[in-house]
Amino acid sequence: MKNFLLKYKHGLPLMLYMIIYLAWFAYLEKTVTNSYTLIHLKADDYIPFLEIFVIPYFLWFFYVSVVVLYGLFKDKTGYYKNCIFLFTGMTIFLLISTLWPNGQNLRPYILPNENFLTQMVRGLYRTDTPTNIWPSIHVYNSLGTHFAVLRSAQLHKNKWLCNGSLVLCISIILSTMFIKQHSIFDVITAFIMAAVMYLVVYQGDRILGGRLVRKPDSVQEN
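This one's a predicted model, so the numbers in the text were calculated from it and none came from an experiment.

Broken down by element type, the protein carries nine helices and two strands. The order of α-helices and β-strands along the protein, N terminus first, is α-α-β-α-α-β-α-α-α-α-α. C-alpha atoms of the protein, sized along the principal axes, occupy 65 × 55 × 35 Å. Residues counted as buried form 45% of the 222 residues belonging to the protein. In the protein, the proportion of contacts linking residues at least 24 apart, taken out of those at least 6 apart, comes to 85%. For the protein, the distance from the average site of its 19 positive side-chain charges to the average site of its 11 negative ones is 12 Å.

Okay, here's the thing in structure tokens:
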């Protein structure tokens, strides 16, 4: 056990951060209940409610966790980059939710069907308030997880895995809108934040070092 803990001691920051994050988020869920800014775009009204998308929505927890744990045990460099990506976005989300409480009123009052999928949606609605939604961490972390797969020294070699990751990532992003958990605005801003963080985390050495990706001399134009 001692050798195991020493070998994987880089997992300690992950555990500490998750304790802080979950405690902070739980506090916000209890305190942000009435006074908050509604986030809504006209385009949100044209998106149908599709309960089937509750499945990829819940798969998000598995998706993110598995890739983080893979990095923890198999790819320390990728693990650190993934954690920096995820933790930065999640912290920004918490700060925004604390300083600018926000929420949505997109959830249907009556669910259109009665089946086990809508029961899952009801359970989600009961445990997750329609507040603290901007930017969407479901979207941001899904993108970050897919980036981690693509930039992994080993995982990127498996085309089936990469394609499967892409399909799941897209499905999760769509699910946030189809089960009325997020506005399109939350999704778009999560994409913007993810794009910025991708440059910082995965391209930062080139940007800060002033190095440019150039064609080999043999193929450059004279």
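On we go.
Right, let's talk about helix α3 (residues 54-74) for a bit. End to end, α3 covers 31 Å across 21 residues, agreeing with the expected 30 Å (1.5 Å per residue, within 8%). The principal kink in α3, of about 30 degrees, is found at W60. Buried residues in α3 make contact with α2 (12-31), α4 (76-99), α5 (116-127), α6 (137-150) and α7 (159-178).

Below, the discussion takes up the packing of α3 against α5. Look at α3 against α5: their axes get within 10 Å of each other, and the N-to-C directions meet at 50 degrees. Here α3 lies oblique to α5, going by the angle between them. Along its contact with α3, which presents V54, I55, Y57 and F58, the element α5 presents L117, M120, V121 and L124. The residue inventory of the contact of α3 with α5, partitioned by class, reads eight nonpolar, no polar and no charged.

What follows concerns α4. Its 24 residues give α4 an end-to-end C-alpha distance of 34 Å, which sits within 8% of 34 Å, the value for a rise of 1.5 Å per residue. Restricting attention to buried positions, one finds in α4 the residues Y79, N82, C83, F85, L86, F87, G89, M90, F93, L94, I96 and S97. On its buried face, α4 sits against α2, α3, β2 (102-103), α6 and α8 (184-202).

Once that is clear, we can look at unusual backbone geometry. The omega torsion of the bond from W134 to P135 falls at -15 degrees, within 30 degrees of zero and hence cis. Even without a glycine there, the phi angle at N132 is positive, about 55 degrees. Take N132: its relative accessible area is 4%, and that puts it in the buried class.

Let's shift gears to the packing of aromatic side chains. Evaluated as defined, the whole model comprises 16 aromatic pairs. Plain terms: the ring middles of W60 and F61 are 4.8 Å apart, the flat faces sit at 80 degrees to each other, and that makes the pair edge-to-face. Ring centres of Y198 and Y202 lie 5.3 Å apart, and the angle between their planes is 35 degrees; this geometry places the pair in the tilted category. Residue Y198 and its partner Y202 are located together in helix α8, separated by four residues, close to a single helical turn. Its relative accessible area of 23% is what places Y198 among the partly exposed residues. Members of the aromatic cluster, joined through ring pairs, are Y17, Y21, F25, F87 and F93.

Parameters and conventions
- Residues numbered from 1 in each chain as written.
- Predicted model: local features only at pLDDT ≥ 70, side-chain atom pairs only at ≥ 80, totals over all residues.
- Heavy atoms only, no water.
- Helix = DSSP H or I, 4+ residues; strand = E, 2+ residues; numbered from the N terminus.
- Buried < 20%, exposed > 50% of the residue type's maximum accessible area, 1.4 Å probe, protein only.
- Contact = heavy atoms within 4.5 Å.
- Lys, Arg positive; Asp, Glu negative; His and termini not counted.
- Charge placed at Lys NZ, Arg CZ, Asp CG, Glu CD.
- Expected span 1.5 Å × (residues − 1).
- Bend = angle between axes of the 7 residues up to and from the residue.
- Axes fitted to C-alpha atoms, helices over the stretch in contact; angles between N-to-C directions.
- Parallel < 35°, antiparallel > 145°, perpendicular 65-115°, else oblique.
- Nonpolar A, V, L, I, M, F, W, Y, C, P; charged D, E, K, R; others polar.
- Phe/Tyr/Trp six-rings, centres within 6.5 Å; stacked < 30°, edge-to-face > 60°.

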